[in-house]
Number of protein chains: 2
Amino acid sequence: MNLIILYENDFLSENLVTISGRRFEHIINFYKPKIGQKLSVGLLGSKMGFGSVTEIFSSSIKLYVELISEPPIKLPVKLILSLPRPKSFKKAIHAAVTLGVKEIYIIESWKVEKSFWKSPVLESNALHEELILALEQAKDTILPKIYFKKLFKPFIEDELPLIKADKKFVAHPYNSRRVSEKIKEESIIAIGPEGGFTEYEISKFKNVGFETLTIGERILRVEFAIPTFISSLFL
Amino acid sequence: MNLIILYENDFLSENLVTISGRRFEHIINFYKPKIGQKLSVGLLGSKMGFGSVTEIFSSSIKLYVELISEPPIKLPVKLILSLPRPKSFKKAIHAAVTLGVKEIYIIESWKVEKSFWKSPVLESNALHEELILALEQAKDTILPKIYFKKLFKPFIEDELPLIKADKKFVAHPYNSRRVSEKIKEESIIAIGPEGGFTEYEISKFKNVGFETLTIGERILRVEFAIPTFISSLFL
């Protein structure tokens, strides 16, 4: 936890917060805080700054908070991700969110096993917890928006053309050009399952203006393919 | 397992191999192979190709192997990595190896907890198994060389200047320039612990010709910092 995320209802008054539960346990175990110690804090959806420890109780801690800086700017890229297997889903989301992606579309594709859609990791409480952990890791306060699209064709044909993006890429190991430039424009990138999108799926992406790109012959786990593609293009 | 790694002693004759143990179990469970089915194989340290299933027994499988292609070329970058906590170590190694890094120096630094050096994940058998899994994932047959350097100063001052590299970078979030170009030259990149190298450590790297680079303010887990830096510069 590099940043303690604060919620509106942590505030006792304009500058005073009280924290309990998981965050309290983590603060005690990780920072071993003393009165007066300054901890990095950020109000969810808003500014970041410091919280000075004013009181430590057995199950809560009080901080005097000064929110002085803006969260880091978002990456100019939206992510379309074929639903990974549950074990990879959390890592994939973590990777994208810590890099600063703020809009993620989780989609159906041919190689997605139907059972993946029933995984408890997709439930909104579990997902929210993962997103908060990623913001705490990255030092950011802005939650990404995550959308689930369980029908491939209607998403690609009807919804995708309405999503604003100046550049559109789909990761595809075959007959694709290598990444060679850094992109500054607002973009969207689609990353398939480990076995790749099918040729049909690639053709559907191409029909709505996507260019295929590769980063080489090696096959990466999806949680590493995400930072690899995004970083190659945008960082 | 996208590639079945073969060892010299799997070979019964020039083209016939028999596989048992973990690889056999995986082949059966993952591929559910039939006689005649072609599987991707590669001889450790050598060529890759296909193995056609000729016989399936209760605890082994025979393949007729044709090795026809070279493994993917290595990335032109060596990695210096401050020893991560054991939980991250395996993931960090996996990330680097699947990207094609073939020379990794695991080093001491101020923020490395001494206990990390005693972790069983560093033992050579455990490490070898991780490396094989990464080659199987990436579809590659060339093992990387991993060196452990438990003394920071002698490594930086005496050994590092002898390691060949045309460009030398150290990841550092403060007072560093952003990555802006793709590098083709043989390079070496040093990635610190999550809290970063100390100013003293950074100065030691600078003394031997390293330039500090940043990919932004967000703090990434080491296993994601590796693909992020490497990909931003080299892919």
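As shown above, the structure is provided for reference.
Just so it is clear, the model here is predicted, and its values are computed rather than measured.

**Digging into the overall build of chain A**
In step 1: Of regular secondary structure, chain A possesses six helices and 12 strands.
In step 2: Expressed along its principal axes, the backbone C-alpha trace of chain A runs to roughly 60 × 35 × 35 Å.
In step 3: Within chain A, the fraction of its 235 residues that count as buried is 54%.
In step 4: Summed over its atoms, the accessible surface of chain A is roughly 10700 Å², and 54% of this surface lies on carbon and sulfur atoms.

**Quick notes on the interface of chain B and chain A**
In step 1: Facing the 33 residues of chain B at the interface are 33 residues of chain A.
In step 2: When chain B packs against chain A, the two sides together hide about 2900 Å² of surface, and 54% of this comes from carbon and sulfur.
In step 3: When residues of chain B are sorted by the area they lose upon contact with chain A, B:R218, B:I219 and B:F224 head the list and together hold 25% of the total.
In step 4: Our count for the contact surface shared by chain B and chain A stands at two salt bridges.
In step 5: A salt bridge links A:D140 to B:R218; its shortest N-O distance comes to 3.3 Å.
In step 6: Summed over the shared surface of chain B and chain A, the result is 24 residue pairs in polar contact (both at pLDDT 80 or more).
In step 7: Mapped by element, the contributors of at least two residues to the side of chain B that touches chain A are α2 (86–99), α3 (124–138) and α6 (222–234) of chain B.
In step 8: For the side of chain B that touches chain A, the element with the highest residue contribution is α6(B), accounting for six residues.
In step 9: Here the side of chain B that touches chain A is built from residues that sort into 12 nonpolar, nine polar and 12 charged.

**Digging into the packing of α2(B) against α6(B)**
Residues and elements named next belong to chain B.
In step 1: Close contact between α2 and α6 brings their axes to 8 Å; oriented N to C, the two are set at 20 degrees. Judged by the angle between their axes, α2 and α6 are roughly parallel. Seen from above, α2 lies across α6 with right-handed handedness. Taken together, the residues of α6 that come into contact with α2 (itself represented by S88, K91, A92, A95, A96 and L99) are V222, E223, I226, P227 and I230.

**A short note on the relation of the copies chain B and chain A**
In step 1: Expressed as a screw transformation, the operator carrying chain B onto chain A has a rotation angle of 180 degrees and an axial translation of 0.0 Å, and the superposed copies differ by an RMSD of 0.0 Å. Here the transformation between the copies is reduced to the relation of a two-fold axis. Scanning chain B for the C-alpha nearest the rotation axis identifies B:S232, at a separation of 2.1 Å.

**So, the environment of A:I27**
Residue and element names in this part refer to chain A.
In step 1: With respect to the secondary-structure elements, I27 resides in helix α1 (residues 21–31).
In step 2: Sequence separation between I27 and V41 is 14 residues; the distance between their C-alpha atoms is 11 Å.
In step 3: Among residues more than four places away in sequence, those in contact with I27 are M1, I4, I19, K32, P33, L39 and I61.

**Concerning the pairing of strand β3 (residues 38–43) of chain B**
Residues and elements named next belong to chain B.
In step 1: Among the six residues of β3, five are classified as buried, and the element is accordingly described as predominantly covered.
In step 2: Bridging between strand β1 (residues 4–6) and β3 involves three bridges; their strand directions are parallel. Note that in β3 the partner of I4 across the bridge is V41.
In step 3: Sheet analysis places β3 next to strand β4 (residues 48–56), joined by five bridges and oriented antiparallel. Of the residues in β4, the one forming a bridge with L39 is G51.
In step 4: Here β3 folds back onto β4 in antiparallel fashion, the turn holding four residues, of which G45 has a positive phi close to 80 degrees.

**So, the sheet that holds strand β4 (residues 48–56) of chain A**
Residues and elements named next belong to chain A.
In step 1: Strand order in this open sheet of five strands is β1-β3-β4-β5-β2, and the pairing throughout is mixed. Two strands bound the open sheet, and with one partner strand each, they are β1 (4–6) and β2 (16–20). Going from strand to strand, the sheet's axes swing by 45 degrees on average, the running direction of each strand aside.
In step 2: Sheet topology note: the β4/strand β5 (residues 60–69) ladder contains eight bridges and is antiparallel. Each residue of the ladder has a partner; that of S52, found in β5, is Y64.

**Let's talk about the packing of helix α6 (residues 222–234) of chain A against α6(B)**
In step 1: Between α6(A) and α6(B), the shortest axis-to-axis distance is 8 Å and the interhelical angle comes to 35 degrees. In the crossing of α6(A) with α6(B), the sense of the turn from one axis to the other is right-handed. When α6(A) is examined against α6(B), the residues A:E223, A:F224, A:P227, A:T228, A:S231 and A:S232 are found in contact with a partner set consisting of B:E223, B:F224, B:P227, B:T228, B:S231 and B:S232.
In step 2: Among the residues making up the contact of α6(A) with α6(B), the classes are represented as four nonpolar, six polar and two charged.

**As for α6(A)**
Structurally, the α-helix is built with 3.6 residues per turn, so residues lying three or four positions apart point the same way.
In step 1: Here α6(A) is 13 residues long and its end C-alpha atoms lie 18 Å apart, about the 18 Å a rise of 1.5 Å per residue gives.
In step 2: Judged by how many residues are buried, α6(A) sits mostly within the fold: 13 of 13 residues are covered.

**Brief notes about the packing of aromatic side chains**
Here the distance between the centres and the angle between the planes together describe a pair of aromatic rings.
In step 1: Under the counting rule described, the total for this entry stands at 17 aromatic pairs over all chains.
In step 2: With a centroid separation of 5.1 Å and an interplanar angle of 55 degrees, the aromatic rings of B:F205 and B:F210 are classed as tilted. The two residues B:F205 and B:F210 agree in class, both being buried.
In step 3: In textbook terms, an aromatic cluster arises when at least three aromatic residues are bridged by ring pairs, as seen for A:F152, A:F197, A:F205 and A:F210.
In step 4: Between A:K38 and the ring centre of A:F50, over which it is positioned, the NZ or CZ distance is 5.8 Å.

Definitions and limits used
Residues numbered from 1 in each chain as written. Chains lettered and ligands numbered in written order. Predicted model: local features only at pLDDT ≥ 70, side-chain atom pairs only at ≥ 80, totals over all residues. Heavy atoms only, no water. Helix = DSSP H or I, 4+ residues; strand = E, 2+ residues; numbered from the N terminus. Buried < 20%, exposed > 50% of the residue type's maximum accessible area, 1.4 Å probe, protein only. Areas by Shrake-Rupley, 256 points an atom, 1.4 Å probe, with all protein chains shown as cover. Contact = heavy atoms within 4.5 Å. Buried area = accessible area lost by both parts, 1.4 Å probe. Salt bridge = Lys/Arg side-chain N within 4 Å of Asp/Glu carboxyl O. Polar contact = N/O pair within 3.5 Å; in protein donor to acceptor, adjacent residues only side chain to side chain. Nonpolar A, V, L, I, M, F, W, Y, C, P; charged D, E, K, R; others polar. Axes fitted to C-alpha atoms, helices over the stretch in contact; angles between N-to-C directions. Parallel < 35°, antiparallel > 145°, perpendicular 65-115°, else oblique. Left-handed = near helix turned anticlockwise from the far one by under 90°. Least-squares fit on C-alpha atoms with pLDDT ≥ 70 in both. Pairing = 2+ DSSP bridges. Expected span 1.5 Å × (residues − 1). Phe/Tyr/Trp six-rings, centres within 6.5 Å; stacked < 30°, edge-to-face > 60°. Lys NZ or Arg CZ within 6 Å of the ring centre and 35° of its normal.

Fair warning: the whole summary comes from geometry, so function is off the table for now.
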